[in-house]
Each structure stands twice: as C-alpha cells, then as structure tokens.
Amino acid sequence: MKKFIAAFLALFMVLSVLPADSFEIATDTPATDNAFASLLTPYQPLTARVRGMGTTGVAVTGRSDTFYVNPAALASGRFELSVPSLQVTAYHLYDAVKGGGNLFSAGTLLNMANGIQTGYGRLLDVDAAMSFTAGGFGLGINATLGINTFADGDRYGLESDLFGEVRAAISLGYGYRFELPEDFSIDVGAMVRFSYLAYTDTFNASVLSDTSSFDLNQTPIMAGFSVPIDLGINVNMPLGFSVGVVSRNMNGRFYMTGFDGFEAYGQDPFGGKSGSGTRFSFNSDWSLDAGVGWSYDTWYVSPTVAIDFRDIVGMFQTDNFTFRDFMYHLNIGAEVRVLSFLDLRAGLSQGYWSVGLGLDLWAFKVDVAYYRQEFGETAGSYGLDGFTVRINLGYDR
C-alpha cells in the first residue's frame, strides 16, 4: 500500500510539470475586461505568518498554512486546532495614513480608495477559517470576502471600479512519512478541496462615499465551483534541512452561472436549477512551486529560513529571461521564535520586503504582517502594500 501511494503521487507530480496546454480544454473567460484577471488565480488565503515571511513555506513545516502551501507538511502528524481564526487585510494602508485623520473612522476606506492606481488591485479582505490536523489527516474550512479594484486609463482613485468577491473552500488532505536511514525521510501529501467562487460585476468606487447609489439586486453576480487538487512532496534531511515541491490547483476549472442580481442568486447559489442564468466556465491557473528550508528547534530560540521559487514552469517559459523575471518568482523568508511565544519575521517577496510579528499565548495567538504584494505582470511594476492582522483561538504551533 505504501508503494502504491508513493507511485500514485509521483505519477501526478510528473504529469503536473507538463505544459499547461496539456490540461487545457475549451475555455470561456468570465469577462474580457482585465478587471477579472484575479479570478484566474487559485484561492490561497495566506496567513499573516506566511505574509510576514515573504510568502514562503513550501519546504518548512506548516501550521494551519498547510492547507494552502504544501499538503506534504501533514505527514509530520502534528496536532493543530483552530476554532476559529479571523484575519483582516487592508491594502493601500500607506495612502490611508498619508490622507490623515483617524485610521478607525469611516473616512479611512475613502483614503484607501483614493490610492487606487491603473490596473487590477485590492482594497480589503476578511477571512474566517477553521482547521484541524492530527495523525497525517487535515480538515480545513475557509471563507473570504474581498473588495477588488480596477482602474482603466485616466479613471483611478474614486473614479475607478470595484467588484466584490466571495471565496470559500472545504479542504481535506492526508500526508504520509517514509522513514529512511541516516535521519532522512520523505513526506508526501495530497489535498482535495471543494472551492466556491462568487463575484459581482464592476461598480463605481464612488459608492464608498454614497452607499445609497448601490443596489445589489441590480448588479449581476457570477457564481460557481471547482474541485482542485494539491500534491506535494518534502525531503527531510539531517540538521533541519528540507527540500519541497508542490503542484497546486490541478483540475482548477470553474463551472459558473451568471445571475441578474442578488435575489436570483439567492434562489439558486449553485446554479443547479434548470434555466437559471447564463452558464460558462474558465480555468483557474495551476502552478508548480519548489523550495528549500532550514529549521532548528530549541525551547529558547527556534530559527527558520525558507527560499521558494513560485511557478517555476512559467519562469522557464519566459522569452528573453531577465533578472526582473527571476525576482518575480523568488521569495525569501525567515522567522525566529523566542522563548516559545514570540515570533519575529521578515522576508523578500517578488522584490518587496515584508515584516511580521506573532504572539503565541497557548490557546490565543495574534499575528500581524506588513508587506507589499505585486499585482503587475513583472517584478516592480505595481507593488501594493497590505497590512494583515490574524487572531486565532485554539492550538496552532
């Protein structure tokens, strides 16, 4: 049985490195407008810990991050319980501070929106999650509400467009460890999830200053689902070193239904009724990521270092490969845990720095991170700052 599981996972890892066109079937994108480019990316609600570490973690032991970074981490068999966690991310925070006033006032959102630049971006994310891991098994539930931004040409700031997005997922995974001589071991893991997506048509950002002008019943809504699969493998070596590879979001095709407004959507959120709405589908991108890591645990100080290469297939398919292209796919991060309760983090993601802090008081944990995220097609083209706060109840170490 062990050999069968290993062969099965190895086969899928080999298939995953084939060109994306090998999996491609006729695709209808949700809209020709570039505002919806984000919907083609897999759902990956990264925690404040991962953000503070430069969006790394493929080869280092995950906590609740296991569900969206590398399922091979489940093979450690560690116990984790999150009941629940709540995370809020505000983008354009620099613009809000620059605008002055009370950060906790209603006008803060307007100051943030004034910083919207040309192209696709984000304004606000709220994520709620519950997760459990033990004995190699993992179960996670996530739901994220996001406000996306899109500015075209000379229309930016409050003259730009927004669209709402709701993503939710139920993830079920399993990991197994193969013990080898000389303190070597191999972890393999698989994660399958039911992923749900709903998003609105674009509407003008001016509604933030006058909400009475917005009618959700008059705003088209698109909704649907996919069943993606993540497969991962980690090679653990002496002295805390590890190497990992993960193929993420395989079979990520969404099957969608369009609705005229919220009332019609509420009557049939999965689009299963005959004749309800317009049907279409599109492929959400998959990626092959690799990483190396080092971690050393003591009771007084526990350092972790991680280096990840994201979408390595896409990296080598780039014509006229440049250093900027290399940086677009490179993430570096570090974490130092002091006295088992204080985490200090820093990282470099796609050329942008990040910092983070965690406070672990046994059943209560708070993590914060400040970083810049690339929303452009190349490193350094459109870096948007984000500030994330995560509160977790349970046991997550």
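Preceding block: the structure.
Only a predicted model underlies this, so the values are computations on that prediction, with no experimental measurement involved.

### Concerning empty space enclosed by the protein
- Per the counting criterion, the structure on display carries five cavities of 30 Å³ or more.
- The calculated volume of the largest cavity comes to roughly 160 Å³.
- Along its surface, the largest cavity is lined by 18 residues, and P45, T47, S64, A129 and N142 are the ones closest to its centre.
- For the lining of the largest cavity, the per-class residue count stands at eight nonpolar, seven polar and three charged.

### A few points about the nonpolar core
- By size, the foremost hydrophobic cluster in this structure holds 19 residues, and its most contacted members are L39, L197, Y199, M256, F280, F282 and F375.
- Elements supplying a minimum of two residues to this core: β5 (185-200), β10 (253-259), β11 (278-283) and β17 (364-374).
- Counting seven residues, the second-largest nonpolar core is a separate cluster that includes A113, A151, A205 and V207.

### Examining the environment of M112
- Along the polypeptide, M112 turns up in helix α4 (residues 107-114).
- Exposure remark for M112: the relative accessible area of 5% places this residue in the buried category.
- Sequence separation between M112 and L124 is 12 residues; the distance between their C-alpha atoms is 9.5 Å.

### A look at the pattern of salt bridges
- Applying the stated criterion across every chain, the model contains 15 salt bridges.
- Salt-bridge contacts for R177 lead to D187; the nearest nitrogen and oxygen are separated by 2.7 Å. A residue pair is termed long-range when its members are at least 10 positions apart, and R177 in strand β4 (residues 161-179) and D187 in strand β5 qualify at 10 residues.
- The exposure class assigned to R177 is partly exposed, which follows from its relative accessible area of 30%.
- With a relative accessible area of 3%, D187 lands in the buried category.
- Here D367 ties to R345 by a salt bridge, and the two come within 3.0 Å at their closest N and O atoms. You can see D367 sitting in strand β17 and its partner R345 sitting in strand β15 (residues 342-349), a full 22 residues away along the chain. A single burial state applies to D367 and to R345, both of which are buried.

### A closer look at unusual backbone geometry
- Note that the residue after V83, namely P84, is joined by a cis bond; omega there is -10°.
- As for its placement among the helices and strands, P84 is situated in strand β1 (residues 80-91).
- Residue L339 is not a glycine yet carries a positive backbone phi of 55°.
- When you line up the elements, L339 lands in the loop between β14 (330-338) and β15.
- Its identity as a non-glycine residue notwithstanding, W362 has a phi of 65°, on the positive side.
- One can find W362 in the loop between β16 (352-361) and β17.

### Observations regarding the pairing of β10
- Across the seven residues that make up β10, a large majority, six, are buried.
- As defined by bridge partners, strand β7 (residues 221-226) adjoins β10 across five bridges and the pair is classed as antiparallel. Opposite G224, over in β10, you have M256 as the bridge partner.
- Inspection of the sheet shows β10 paired to β11 by six bridges, in the antiparallel sense. Note on β11: the bridge partner recorded for R253 is N283.

The rules behind these values
- Residues numbered from 1 in each chain as written.
- Predicted model: local features only at pLDDT ≥ 70, side-chain atom pairs only at ≥ 80, totals over all residues.
- Heavy atoms only, no water.
- 1 Å grid on protein atoms, 1.4 Å probe; cavity = no way out; pocket = protein on both sides within 12 Å on 5 of 7 lines; lining within 4 Å.
- Points joined across faces, edges and corners; volume = space filled by probe spheres on them.
- Nonpolar A, V, L, I, M, F, W, Y, C, P; charged D, E, K, R; others polar.
- Core = buried A, V, L, I, M, F, W, Y, C linked by side-chain atoms within 4.5 Å.
- Buried < 20%, exposed > 50% of the residue type's maximum accessible area, 1.4 Å probe, protein only.
- Helix = DSSP H or I, 4+ residues; strand = E, 2+ residues; numbered from the N terminus.
- Salt bridge = Lys/Arg side-chain N within 4 Å of Asp/Glu carboxyl O.
- Pairing = 2+ DSSP bridges.

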